[in-house]
Amino acid sequence: MPTLTIDGVAAVAEAFLDEVAEAAGKDPVAYRLAMLDPASRHAVVLRLAAEKAGWTATAPAGRFRGVAVAESFGSVVAEIAEVSADADGRIKVERVVAAVDCGIAVNPDQVRAQVEGGIGFGLGAIMAEEITLTDGKVDQANYDTYTPLRIDAMPAVEVHIVPSANPPSGIGEPGVPPLGPAVANAIAKALGRRIRVLPLSKSLSV
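Structural notes, computed from the coordinates. Since the structure is predicted, the reported quantities are computational estimates derived from the model, not experimental observations.

What about the overall build of the protein chain?
A count of helical and extended segments in the protein chain gives 5 helices and 6 strands. Along the protein chain, helices (α) and strands (β) appear in the sequence α-α-α-β-β-β-α-β-β-β-α when read from the amino end. Seen along its three principal axes, the alpha-carbon backbone of the protein chain occupies a region of about 55 × 35 × 35 Å. When the accessible surface of the protein chain is summed, it comes to about 10600 Å², and 58% of that surface belongs to carbon and sulfur atoms. Charge separation in the protein chain, taken as the distance between the mean sites of 18 positive and 25 negative side-chain charges, equals 4 Å.

Focus on the sheet that holds strand β6 (residues 156-161)
Judged by pairing direction, the sheet is mixed, and its 4 strands sit side by side in the order β1-β2-β3-β6 without closing on themselves. Bordering the open sheet on either side are β1 (63-72) and β6, each of which pairs with just one other strand. Mean inter-strand twist for the sheet, computed between neighbouring axes without regard to direction, equals 15°. Across 10 bridges, the pairing between strand β2 (residues 75-85) and strand β3 (residues 91-101) is antiparallel. Counterpart to Glu79 in the pairing with β3 is Ala98. Where helix α4 (residues 108-127) meets the sheet, its contacts fall on β2, β3 and β6, and the angle it forms with β6 comes to roughly 135°. Set on the sheet, helix α5 (residues 179-191) makes contact with β1, β2 and β3; between it and β1 the angle comes to about 155°.

Concerning the packing of aromatic side chains
Counting across every chain of the model gives 1 aromatic pair. A ring pair is formed by Tyr143 and Tyr146, whose centres lie 6.4 Å apart and whose planes are at 50°; its orientation type is tilted. For Tyr143, a relative accessible area of 55% translates into the label exposed.

Examining the packing of α4 against α5
Where α4 meets α5, the closest approach of the two axes is 9 Å, and the angle between their N-to-C directions is 55°. By the angle class used here, α4 and α5 are oblique. Considering the relative orientation of α4 and α5, their crossing is right-handed. Between α4 and α5, the contacting residues are Ile119, Gly122, Leu123, Ile126 and Met127 on the first element and Leu179, Gly180, Val183 and Ile187 on the second. For the contact of α4 with α5, the residue count by class is 7 nonpolar, 2 polar and no charged.

The rules behind these values
- Residues numbered from 1 in each chain as written.
- Predicted model: local features only at pLDDT ≥ 70, side-chain atom pairs only at ≥ 80, totals over all residues.
- Heavy atoms only, no water.
- Helix = DSSP H or I, 4+ residues; strand = E, 2+ residues; numbered from the N terminus.
- Areas by Shrake-Rupley, 256 points an atom, 1.4 Å probe, with all protein chains shown as cover.
- Lys, Arg positive; Asp, Glu negative; His and termini not counted.
- Charge placed at Lys NZ, Arg CZ, Asp CG, Glu CD.
- Pairing = 2+ DSSP bridges.
- Axes fitted to C-alpha atoms, helices over the stretch in contact; angles between N-to-C directions.
- Contact = heavy atoms within 4.5 Å.
- Phe/Tyr/Trp six-rings, centres within 6.5 Å; stacked < 30°, edge-to-face > 60°.
- Buried < 20%, exposed > 50% of the residue type's maximum accessible area, 1.4 Å probe, protein only.
- Parallel < 35°, antiparallel > 145°, perpendicular 65-115°, else oblique.
- Left-handed = near helix turned anticlockwise from the far one by under 90°.
- Nonpolar A, V, L, I, M, F, W, Y, C, P; charged D, E, K, R; others polar.

This is how it looks when you write it as structure tokens:
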């Protein structure tokens, strides 16, 4: 049985939480916060991301938001993804707002850059990246047949750092785990159905 990575655990847990919140008739952010100590790092980053993304305000027409929060490498990151959907079901990730608690931010510009890069990396992975095999050989020989994130698919990104006096913690990868479930949760709202097969482009018009 394959071992779930940190990214995979976050994707399963955070998508499941959204489904439970929906079944309970609860707002996804409020539902998460109700289960957290208000002073916890998870609650703090979640509230900050929701505030900066305007979570409680009505989304622009044709836009849909999803949320996820995850801890990895000692850091906690919450992300709000905002996607657009047109009449033909074409999906585009327009905006991602992230809040991060990585302890003392020794170099805030580097923290923002790492989270921005993690968002781009994670978005490419969940939306389109795939390796397939034919007769035991990899089909993708170069970037014309393997599709990491293209520049026109990169959303606007905002990164907000939580002031902290705690020791510095990891920042190279923590922006990645919440991105997938935040986007998947937003797409579920846009389409009214959940996609459970990756990459998402296999089931989407993009």
